[in-house]
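Letter by letter, the chains look like this.
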Amino acid sequence: MAKIKYTKTELKYQQDALKQFTRFLPTLQLKKQQLQQEVRVSVEKLAANRAARKAALEKLAGILPFFSDADEAARLASLVEVTAIEASTGNIAGITIPVFERVEFADIHWDLLTTPWHTDDCVEALKESLSLRAEGKVLEKQYQLLLAELTTTTQRVNLFEKVKIPECKENIRRIKIQLGDMETSAVARSKIAKGKSGQLILE
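On a predicted model such as this, the values are computed, not experimentally measured, just so you know. (Residues numbered from 1 in each chain as written. Predicted model: local features only at pLDDT ≥ 70, side-chain atom pairs only at ≥ 80, totals over all residues. Heavy atoms only, no water.)

K.L.:
How should I be thinking about the overall build of the chain in this particular structure?
P.N.:
For the chain, the count of helices and strands is three helices and two strands. Here the chain, with 203 residues, has 28% of them falling under the buried criterion. In the chain, the share of contacts with a sequence separation of at least 24, taken over all contacts with a separation of at least 6, comes to 77%. Counting every atom, the chain has about 13700 Å² of accessible surface; 56% of that belongs to carbon and sulfur. (Helix = DSSP H or I, 4+ residues; strand = E, 2+ residues; numbered from the N terminus. Buried < 20%, exposed > 50% of the residue type's maximum accessible area, 1.4 Å probe, protein only. Contact = heavy atoms within 4.5 Å. Areas by Shrake-Rupley, 256 points an atom, 1.4 Å probe, with all protein chains shown as cover.)

In structure tokens:
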């Protein structure tokens, strides 16, 4: 506990600090609750994304054997080209997070007569898999940002609840006791001084 001065000025300082901590604590507690909820939602979104990616890869694995030839595989890869990954920003509990929008693919056409019949399905499966992977990266970033903010907010709540507020209350209690003792001593000294003064007059 920091050293304190047993003065009325220090008492006012401690009382003002206690009011400030007490006023800010409910806001921090509310923010903590909101962040806990958002972290839970973020975990659910990540789990759903991973499940969707797994399903997309399984679907892709069922089609790829048709492209076992190296030339066919290379031709398939050339039909899927990412041109942009679009994301915006959102705000949750005062923090800015990235929000996945979409993956843009190049508009590539192929000859339906000279390509295998399953090319369309495979291209769509590839696009779906790439989109889900890009979304997953953004969701992971969201989770990391929310978790970091939750950790910081929890530390602040604990600091206020377990350290600052009890410390201020104890300081106020000690200062009041000390000031009371000093006032009592001053009154006693005053009475003694008056008593001695009265004796001198009588003498």
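K.L.:
Hey, could you run me through the environment of Asn91 in this one?
P.N.:
Relative to the elements of secondary structure, Asn91 occurs in strand β1 (residues 82-92). For Asn91, a relative accessible area of 55% corresponds to the exposed category. A distance of 3.1 Å separates the side chain of Asn91 from the backbone nitrogen of Gly94, its partner in a polar contact. (Polar contact = N/O pair within 3.5 Å; in protein donor to acceptor, adjacent residues only side chain to side chain.)

K.L.:
Mind showing me how you'd approach the pattern of salt bridges here?
P.N.:
Pairing is possible between side chains of opposite charge, provided their charged atoms come close. Scanning the entire structure with this criterion turns up five salt bridges. In this structure, Glu149 engages Lys31 in a salt bridge whose closest nitrogen and oxygen atoms are separated by 2.8 Å. Taken together, the residues Glu149 in helix α3 (residues 119-202) and Lys31 in helix α1 (residues 8-63) connect sequence positions 118 residues apart. We classify Glu149 as buried; its relative accessible area is 17%. (Salt bridge = Lys/Arg side-chain N within 4 Å of Asp/Glu carboxyl O.)

K.L.:
Quick question: what am I supposed to make of the environment of Ala55 here?
P.N.:
Structurally, the position occupied by Ala55 is in helix α1. Residue Ala55 is classed as partly exposed on the basis of its relative accessible area of 42%. Separated by 74 residues in the primary sequence, Ala55 and Ser129 place their C-alpha atoms 9.0 Å from one another.

K.L.:
Got a minute to help me understand α1 in this structure?
P.N.:
Within an α-helix, residues lying three or four positions from one another point in the same direction, as the helix has 3.6 residues per turn. With 56 residues, α1 ought to run about 82 Å at 1.5 Å a step, and its terminal C-alpha atoms sit 81 Å apart, in line with that. At Leu25, α1 is bent by approximately 25°, the largest bend along its length, and proline Pro26 sits one to four residues beyond. (Expected span 1.5 Å × (residues − 1). Bend = angle between axes of the 7 residues up to and from the residue.)

K.L.:
Sorry if this is basic, but what is going on with the pairing of strand β2 (residues 95-105) here?
P.N.:
Along a regular strand, successive side chains alternate from one face of the sheet to the other. Sheet topology note: the β1/β2 ladder contains 10 bridges and is antiparallel. Its bridge partner lying in β2, Ala84 is registered against Glu104. Connecting β1 to the next strand, β2, in antiparallel fashion are two residues, including Ala93 with a positive phi near 55°. (Pairing = 2+ DSSP bridges.)

K.L.:
Even after reading the chapter, I still don't get a negative patch on the surface, so can you show me in this structure?
P.N.:
The grouping of Asp120, Asp121, Glu124 and Glu128 at the surface amounts to a negative patch. Positionally, Asp120 belongs in helix α3. In this structure Asp120 comes out as partly exposed when scored by relative accessible area, which is 36%. (Patch = residues over 30% accessible without salt bridge, like charges linked within 9 Å, V, L, I, M, F, W, Y side chains within 5 Å. Lys, Arg positive; Asp, Glu negative; His and termini not counted. Charge placed at Lys NZ, Arg CZ, Asp CG, Glu CD.)

Nothing here speaks to function; it is geometry throughout.
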